[in-house]
Amino acid sequence: MKITDLIDINCIQLELSSTTKSEVIDELASMLAAENYVTEKVGFINSIMERENHSTTGIGSGIAIPHAKCDYVIKTTIAFGLSKEGIEFESLDDEKAHLFFMIAAKSDAEDEHLKILSYLARKLIDDDFREKVLNVSDKTKLFKLLEEIGGDE
Amino acid sequence: MAKFEILGVTACPTGIAHTYMAAEKLKKAGKKVGIKVKVETNGSIGVENKLKDSEIAEAKAIIVAADTKVDMARFKGKQLIEVPVSKAIKSADELIEQALNGEFKVYNK
């Protein structure tokens, strides 16, 4: 299994229109709801915000990974968004976030899925990888890049 | 087997992202200064890379970067720092440097 198995091409937005944290969370969650990966958008967003209120998932270096593991999730999925302009996300380094990986995990997510998510998290620390993702121009290229993420840990 | 100079434990509430990013950051920060760092992750998959008693005994210092409870009793008598998981993501280099300089207090609870 690969990380790309958890990404739906319809849940990718390479040109996010949002300009604030709450907007971008809504924009990403809306894609997941539209494709029926989450049952109730509002409930799911509340779970996401609960995590954000605990501590921001804007981890710095332009990356944010809002995530929730809850009953509103039908199938563990990742929504991806890119903002060239950047969005204020209360990041650890006070810089704007450009890359958004929204992780929707089922309450009883399979270990295999959780493992893959952990590879993604680790990979996002890699500067080269991050730089490449920031510069993707289309969804196919993005998929190619994400396919690099494997169980090499 | 080469010993690990510094050990880490990471954990976060959801256990699907920060736990692993913090672990990766600490390992990377160690690599930069040429030391071996082993990090135990307490994530949603459960505990991985569990620290062995012998590794704890041999390590110079322990970094616990966790927002949830982790097993601490095993670290009694070791130089240790407890920080939020985000601190390890943001300031891993600094934490490793402090660990190597022996700046942590001895854990004695």
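On a predicted model such as this, the values are computed, not experimentally measured, just so you know.

Asker: Which residues make up the overall build of chain B, and what values do they have?
Answerer: Check the secondary structure of chain B and you find four helices and six strands. N-terminal to C-terminal, the α/β element order of chain B is β-α-β-β-α-β-β-α-α-β. Projecting the C-alpha coordinates of chain B onto the three principal axes gives extents of approximately 30 × 30 × 25 Å. Out of the 109 residues belonging to chain B, those deemed buried represent 55%. Counting only contacts in chain B whose residues sit at least 6 apart along the sequence, the fraction spanning at least 24 positions is 64%. For chain B, the accessible area works out to roughly 5,000 Å², and carbon and sulfur atoms hold 49% of it. The averaged location of the 14 negative side-chain charges in chain B is 0 Å from the averaged location of its 19 positive side-chain charges.

Asker: How would you explain the environment of Ala22(B) if you had to name every residue and give the values?
Answerer: Residue and element names in this part refer to chain B. Summarising the element assignment, Ala22 is placed in helix α1 (residues 18-32). On the accessibility criterion, Ala22 (0% relative accessible area) is buried. Along the sequence, Ala22 and Glu82 sit 60 residues apart, while their C-alpha atoms lie 13 Å from each other. Apart from the residues within four sequence positions on either side, Ala22 is in contact with Thr10, Val85, Ala88 and Ile89.

Asker: Explain the environment of Thr41(B) to me, and be specific about the residues and the numbers.
Answerer: Considering the arrangement of structural elements, one finds Thr41(B) in strand β2 (residues 37-43). Of the residues examined, Thr41(B) reaches a relative accessible area of 0% and is grouped as buried. Along the primary structure Thr41(B) and Thr10(B) are separated by 31 residues, whereas in three dimensions their C-alpha atoms are 5.1 Å apart. Ignoring any residue separated from it by four or fewer positions in sequence, one finds Thr41(B) in contact with Arg122(A), Thr10(B), Thr19(B), Tyr20(B), Ala23(B), Gly46(B), Val47(B) and Glu48(B).

Asker: Can you break down the packing of aromatic side chains residue by residue, with the values?
Answerer: Residues and elements named next belong to chain A. Per the counting criterion, the structure on display carries two aromatic pairs over all chains. On the basis of an interplanar angle of 65° and a centroid distance of 5.6 Å, the ring pair of Phe89 and Phe100 is categorised as edge-to-face. Of the two residues, Phe89 is situated in the loop between β5 (77-87) and β6 (97-106) and Phe100 in strand β6; the sequence distance between them amounts to 11 residues. Classification of Phe89 as buried rests on a relative accessible area of 0%.

Asker: Describe the confidence of the model for chain A, with residues and values.
Answerer: Looking at chain A as a whole, the pLDDT averages 92, with 97% of positions reaching at least 70. Here helix α3 (residues 111-123) of chain A stands out as the least confident element of chain A, with mean pLDDT 89; helix α1 (residues 21-34) of chain A is the most confident, with 98.

Asker: Tell me about the interface of chain B and chain A, residues and numbers included.
Answerer: At the interface, 21 residues of chain B touch 23 residues of chain A. Carbon and sulfur atoms make up 64% of the area that chain B and chain A hide from each other, which totals about 2,100 Å². Applying the counting rule to chain B against chain A returns two salt bridges. Residue Glu24(B) pairs with Arg122(A) through a salt bridge whose shortest N-O separation is 2.9 Å. Where chain B packs against chain A, one counts six residue pairs in polar contact (both at pLDDT 80 or more).

Rules and cut-offs
- Numbers given for residues are sequential positions, taken from 1 along each chain in its written order.
- The lettering of chains begins at A and the numbering of ligands begins at 1, in the order of writing.
- Local features in a predicted model are, by the rule used here, given only for residues with pLDDT of at least 70; side-chain atom pairs are given and counted only at 80 or more, and totals for whole chains, interfaces and linings are based on all residues.
- Values shown for side chains rest on all heavy atoms present in the structure; no hydrogens or waters enter the calculation.
- Numbering of helices and strands runs from the N terminus, with a helix taken as a DSSP run of H or I at least four residues long and a strand as a DSSP run of E at least two residues long.
- Three exposure classes are used, based on accessible area relative to the maximum for each residue type with a 1.4 Å probe and protein chains only: buried under 20%, partly exposed in between, and exposed over 50%.
- Any two residues whose heavy atoms approach within 4.5 Å are treated as being in contact.
- Only the protein chains shown count as cover for residues, and all accessible areas are computed by the Shrake-Rupley method using a 1.4 Å probe.
- We count Lys and Arg on the positive side and Asp and Glu on the negative side, and we leave His and both chain ends out.
- For charged residues, the charge sits on one atom: NZ in Lys, CZ in Arg, CG in Asp, CD in Glu.
- Centres within 6.5 Å make a pair out of two Phe, Tyr or Trp rings, where for Trp the six-membered ring is used; the pair is then stacked when the planes are under 30 degrees apart, edge-to-face when over 60, and tilted otherwise.
- Each residue gets a pLDDT score, which is the predictor's confidence in that residue and runs from 0 to 100.
- The quantity reported as buried area is the accessible area (1.4 Å probe) lost by two parts once they are put together, taken as the sum for both.
- By definition, a salt bridge exists where a carboxyl oxygen of Asp or Glu is found within 4 Å of a side-chain nitrogen of Lys or Arg.
- Two N or O atoms form a polar contact when they lie within 3.5 Å of each other; inside protein one atom must be a possible hydrogen donor and the other a possible acceptor, and for residues adjacent in sequence the pair counts only when both atoms belong to side chains.

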